[in-house]
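# Residue-level structure breakdown
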Amino acid sequence: MKDLYAVMGNPVTHSQSPFIHTQFAKQTGQSLRYLKIEVPLHGFQVALQEFIVRGGKGLNITAPLKQQAFTAMTQNTKSATIAHAVNTISLQTKGELFGDNTDGIGLLRDLTINHRYSIANKAVLILGGGGAVRGILFPLLSEKPKLLMLANRTLEKAIAIRDEFHDIGKIEVSRLDDIEGSFDLIINCMNLADETLDLKLPLTIYTKSTFCYDLMYGQSVTPFLKWAVSNGIAHLANGIGMLVEQAAESFYIWRGIKPNTGPIIEMLKEYSYQS
């Protein structure tokens, strides 16, 4: 009988995780089955227990359930604890639930290995103040950027995150339309709809050499990357690489084998301008 894994979220129909982990299993000769499970917004605990009863071995957790998953674990890693969010669950033989957050390491591997981009001594701007930000702040700060600024529509939310992370490293904050300075790397963590394409960001925040990275991905060019292209920025990437890299870390946690991410990223590449 194949070991059972799944991704839980709401919604979850768009998830590429079953495809990615099935490809990892074929590549490494592992025997597993991977499902999508859509969970009601307040039904995570019930869904988790049902998965345990089914004999499941591990879970990926996507929005908006990552913080609920964090509070349900027997033990969390440092990355999960700092982020207050879990995206990878391992079900241990004695019934313990081990939580981790692989989002940050996924982003770092995509930036530093796949794109050969060094964050050290760079000015980094993060757009947004939602759950996605929490998982990437600690890994980014560990790379010693010259500056890390968090800009959000609501300044109070950015300040709250800054204050929560003050023991980890220095974070500057701003409203989106009040950002000062220019940045080497801009990371978008906002899920923008097409109608919000006009971000009203100051034109001084980028140069022609700025790298614009969008955590989002989809069947078409994301609004943030459309904004970047319209402003003459050529160094671009969406979140496909991060998605595959964070999944590879989950796979390693579960199976003890590191898959080759390159071929899977190539399968999922959607935009010819990805660097």
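Data block above holds the structure.
To keep things clear, this report deals only with the structure shown in the data block. (Residues numbered from 1 in each chain as written. Predicted model: local features only at pLDDT ≥ 70, side-chain atom pairs only at ≥ 80, totals over all residues. Heavy atoms only, no water.)

Tracing the backbone through its elements, the reader meets Asp-100 in strand β6 (residues 97-100). Here Asp-100 sits buried without a salt bridge, and the closest side chain of opposite charge, Arg-109, lies 9.6 Å off (N-O distance). (Helix = DSSP H or I, 4+ residues; strand = E, 2+ residues; numbered from the N terminus. Buried < 20%, exposed > 50% of the residue type's maximum accessible area, 1.4 Å probe, protein only. Lys, Arg positive; Asp, Glu negative; His and termini not counted. Salt bridge = Lys/Arg side-chain N within 4 Å of Asp/Glu carboxyl O.)

Another aspect to go through is the sheet that holds strand β8 (residues 147-152). Strand order in the open sheet made by the six strands is β9-β8-β7-β10-β11-β12, with parallel pairing throughout. Every interior strand has two partners, whereas the edge strands, β9 (172-175) and β12 (235-237), have only one. Going from strand to strand, the sheet's axes swing by 20° on average, the running direction of each strand aside. (Pairing = 2+ DSSP bridges. Axes fitted to C-alpha atoms, helices over the stretch in contact; angles between N-to-C directions.)

Let's shift gears to the packing of aromatic side chains. By the definition in use, this model includes seven aromatic pairs. Aromatic pair Phe-24 and Phe-251: ring centres 5.5 Å apart, planes at 65°, arrangement edge-to-face. With Phe-24 in helix α1 (residues 17-28) and Phe-251 in helix α9 (residues 240-255), this residue pair connects regions lying 227 residues apart in the sequence. Just as Phe-24 is buried, Phe-251 falls in that class too. Ring geometry for Phe-224 versus Trp-227: centroids 5.7 Å apart, planes at 20°, classification stacked. Taken together, the residues span about one helical turn, with Phe-224 and Trp-227 both in helix α8 (residues 223-230) at a distance of three residues. You can call Phe-224 buried: its relative accessible area is 0%. (Phe/Tyr/Trp six-rings, centres within 6.5 Å; stacked < 30°, edge-to-face > 60°.)

This part takes up the environment of Asn-191. Residue position: Asn-191 is located in the loop between β10 (185-188) and β11 (211-214). For Asn-191, a relative accessible area of 69% translates into the label exposed. Between the C-alpha atom of Asn-191 and that of Tyr-217, which follows or precedes it by 26 residues, the distance is 9.6 Å.

Turning our attention to the nonpolar core. Ranked by size, the top nonpolar core spans 27 residues in total, and within it Ile-126, Leu-140, Leu-185, Ile-187 and Tyr-213 carry the most contacts. At five residues, the largest contribution of residues to this core is made by helix α6 (residues 131-142). (Core = buried A, V, L, I, M, F, W, Y, C linked by side-chain atoms within 4.5 Å.)

Let's shift gears to the environment of Gln-246. Within the element layout of this structure, Gln-246 appears in helix α9. Along the primary structure Gln-246 and Ile-105 are separated by 141 residues, whereas in three dimensions their C-alpha atoms are 6.5 Å apart. If we ignore the near neighbours within four places in the chain, the residues touching Gln-246 are Asn-87, Thr-102, Asp-103 and Gly-106. Only 3.0 Å separates the side chain of Gln-246 from the backbone oxygen of Leu-243, close enough to count as a polar contact. (Contact = heavy atoms within 4.5 Å. Polar contact = N/O pair within 3.5 Å; in protein donor to acceptor, adjacent residues only side chain to side chain.)

On to the environment of His-21, then. Assignment of secondary structure puts His-21 in helix α1. Residues His-21 and Leu-32, spaced eleven residues apart in sequence, show a C-alpha to C-alpha distance of 8.8 Å. For His-21, the residues in contact, after removing those within four places along its chain, are Leu-32, Tyr-34, Asn-60, Ala-247, Ser-250, Phe-251 and Trp-254. Of note is the side chain of His-21, whose polar atom sits 3.1 Å from the side chain of Asn-60.

Here we take up the packing of α1 against α9. Running from N to C, α1 and α9 cross one another at 55°; their axes reach a closest spacing of 10 Å. Considered as vectors, α1 and α9 are oriented oblique to each other. Considering how the two elements wind past one another, α1 and α9 form a crossing that is right-handed. Residues Ile-20, His-21, Phe-24, Ala-25 and Thr-28 of α1 lie in contact with α9, whose contacting residues are Leu-243, Val-244, Ala-247, Ala-248, Ser-250, Phe-251 and Trp-254. Classifying every residue of the contact of α1 with α9 gives nine nonpolar, three polar and no charged. (Parallel < 35°, antiparallel > 145°, perpendicular 65-115°, else oblique. Left-handed = near helix turned anticlockwise from the far one by under 90°. Nonpolar A, V, L, I, M, F, W, Y, C, P; charged D, E, K, R; others polar.)

Going residue by residue along β10, you find Leu-185 and Ile-187 tucked away on one face and Ile-186 and Asn-188 tucked away on the opposite face as well. Note that strand β7 (residues 123-127) and β10 share four bridges and pair parallel. Paired with Leu-125 across the two strands is Ile-186, which belongs to β10. Two strands pair when backbone bridges link them, and β10 and β11 are joined in this way by four bridges, in the parallel orientation. Note that in β11 the partner of Ile-186 across the bridge is Cys-212.

Attention now moves to the packing of helix α5 (residues 103-114) against α9. Each pair of packed helices gets described by two things: the angle between the helix axes and the distance between those axes. The interhelical angle for the contact between α5 and α9, taken along N-to-C directions, is 120°, at an axis separation of 7 Å. Taken together, the axis directions place α5 and α9 in an arrangement best described as oblique. Remark: the crossing between α5 and α9 carries right-handed chirality. Residues Asp-103, Ile-105, Gly-106, Leu-107, Arg-109, Asp-110 and Asn-114 of α5 pack against Gly-241, Met-242, Glu-245, Gln-246 and Glu-249 of α9. Considered class by class, the residues forming the contact of α5 with α9 number three nonpolar, four polar and five charged.

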